[in-house]
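# Structural overview
For reference, the chains in residue letters:
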Amino acid sequence: MGFKELSAKRRSHRRFSPEPVDQKDIDLIVRAALLSPTSKNRRDWKFIVVTERETIADLSRAKDHGAELLSGAPLAIVVVGNPSANDCWVEDCSIAAVTMQYQAEDLGLGSCWVQMRGRGVGDVPASEYIRKLLCLGEEDEVLCVLAIGRKLSPKDPHDEDSLKFSSVKYL
Ligand SMILES: Cc1cc2nc3c(=O)[nH]c(=O)nc-3n(C[C@H](O)[C@H](O)[C@H](O)COP(=O)(O)O)c2cc1C
């Protein structure tokens, strides 16, 4: 499958079959993140690969809503940056996250980005909750958690007619 087809096929999947993701697929997904471009080639990110069901369920409670889907995912990858050491941490982590989503799609797996930066429960930021849960460093900030697994049902690509070409200006 070429990138033209891959980019059309990728959709957010929020329901997964319970089978674990093969370790060789996890390795490829992580490898794709590690190959992704970073500002000044800093590579200043961390990826926490979580397959423990209980820990994934705990992650699903890191914010008020929009993270419940994690509890049904066999694999969660927590994408972590360090704002005090890297002024481009959001960009670097975002590029790595979406790269993993495309690698997952290329392997026939479904994925969904679950936003954590700027989210939380009440006064408790999601990053603080996840730092404690996963014993991360004090300077670590969580951008997002990717839910990944075998798709429970297929999803059609976005309709080509719905693409927002009005956002594109040609000079
Ligand atoms: C920055 C960002 C944050 C997102 N946060 C969430 C989230 O917290 N929960 C969720 O279910 N989906 C989340 N999504 C997935 C979007 O809802 C989804 O990408 C969008 O609806 C377009 O659908 P598609 O991915 O199938 O093209 C997020 C996506 C992005 C890029």
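Summary of the structure given here. These numbers come from a predicted model, not from an experiment.

Close contacts around the ligand come from Arg-10, Arg-11, Ser-12, Arg-14, Lys-63, Gly-66, Leu-69, Cys-112, Trp-113, Val-114, Gln-115 and His-158, and that covers them all. In this structure, an oxygen atom belonging to the ligand sits 2.5 Å away from a side-chain N or O atom of Ser-12. Backbone polar atom of Gly-66 to a nitrogen atom of the ligand: 2.9 Å apart, as the coordinates give it. Residue composition of the shell around the ligand, by class: 4 nonpolar, 4 polar and 4 charged.

Next up on the list: the nonpolar core. With 22 residues, the main nonpolar core has Leu-59, Leu-70, Val-78, Met-116, Ile-130 and Val-145 as its most contacted residues. Not counting the four nearest positions on each side in its chain, Met-116 is found in contact with Leu-59, Ala-62, Lys-63, Ala-67, Leu-70, Ala-126, Ile-130, Val-142, Leu-143, Cys-144 and Val-145. In this structure, Leu-75, Ile-77, Ala-97 and Ala-104 belong to the second largest nonpolar core, which totals 21 residues.

The next point concerns helix H2 (residues 23-34). The end-to-end C-alpha distance of H2 is 16 Å, a good match for the 16 Å that 12 residues give at a rise of 1.5 Å each. Taken residue by residue, H2 has Asp-25, Ile-26, Ile-29, Val-30, Ala-32 and Ala-33 as its buried positions. Summarising the axial view, the buried residues of H2 lie within an arc of 155 degrees, below the 170-degree limit, and thus occupy one face. Set apart from the buried face of H2 by more than 90 degrees, the exposed residues are Gln-23 and Lys-24. Buried residues in H2 make contact with strand E1 (45-50), strand E2 (75-81), helix H4 (89-106), strand E3 (109-115) and strand E6 (141-150).

So, about the pattern of salt bridges. What the rule picks out here adds up to 10 salt bridges. Here Lys-132 makes a salt bridge to Glu-128, at a shortest N to O gap of 3.8 Å. Pair noted here: Lys-132 and Glu-128 are both in helix H5 (residues 126-134), with a separation of 4 residues, about one helical turn. One connected set of salt bridges, linked through shared partners, spans Glu-19, Asp-22, Lys-24, Asp-25 and Arg-150.

Turning our attention to the sheet that holds E2. On the basis of which strands lie adjacent, the open sheet formed by 4 strands has the order E1-E2-E6-E3 and antiparallel pairing. On the outer flanks of this sheet lie E1 and E3, each paired with one strand and no other. On average, adjacent strands in this sheet sit at an angle of 20 degrees to one another, irrespective of strand direction. Together, E1, E2, E3 and E6 form the strand contacts of H4, whose direction differs from that of E6 by roughly 0 degrees.

Bringing the side chain of Ser-127 into the picture now. The residue Ser-127 is located in helix H5 in this model. Side-chain polar atoms of Ser-127 contact the side chain of Glu-141, separated by 3.0 Å. In this structure Ser-127 touches Glu-141 and Val-142, once residues within four positions along its chain are discounted.

The next subject is the packing of aromatic side chains. Within this structure, the stated rule accounts for 2 aromatic pairs. Their ring planes at 50 degrees and their centres at 5.3 Å tell us that Phe-3 and Tyr-102 sit as a pair that is tilted. Taken as a pair, Phe-3 in helix H1 (residues 3-9) and Tyr-102 in helix H4 lie far apart in primary sequence, 99 residues in all. Note on Tyr-102: relative accessible area 22%, which makes it partly exposed. With a centroid separation of 5.0 Å and an interplanar angle of 45 degrees, the aromatic rings of Trp-45 and Phe-47 are classed as tilted. For Phe-47, a relative accessible area of 15% puts it in the buried group.

Cut-offs applied
- Residues numbered from 1 in each chain as written.
- Predicted model: local features only at pLDDT ≥ 70, side-chain atom pairs only at ≥ 80, totals over all residues.
- Heavy atoms only, no water.
- Near = heavy atom within 4 Å.
- Polar contact = N/O pair within 3.5 Å; in protein donor to acceptor, adjacent residues only side chain to side chain.
- Nonpolar A, V, L, I, M, F, W, Y, C, P; charged D, E, K, R; others polar.
- Core = buried A, V, L, I, M, F, W, Y, C linked by side-chain atoms within 4.5 Å.
- Buried < 20%, exposed > 50% of the residue type's maximum accessible area, 1.4 Å probe, protein only.
- Contact = heavy atoms within 4.5 Å.
- Helix = DSSP H or I, 4+ residues; strand = E, 2+ residues; numbered from the N terminus.
- Expected span 1.5 Å × (residues − 1).
- Arc of directions from axis to C-beta.
- Salt bridge = Lys/Arg side-chain N within 4 Å of Asp/Glu carboxyl O.
- Pairing = 2+ DSSP bridges.
- Axes fitted to C-alpha atoms, helices over the stretch in contact; angles between N-to-C directions.
- Phe/Tyr/Trp six-rings, centres within 6.5 Å; stacked < 30°, edge-to-face > 60°.

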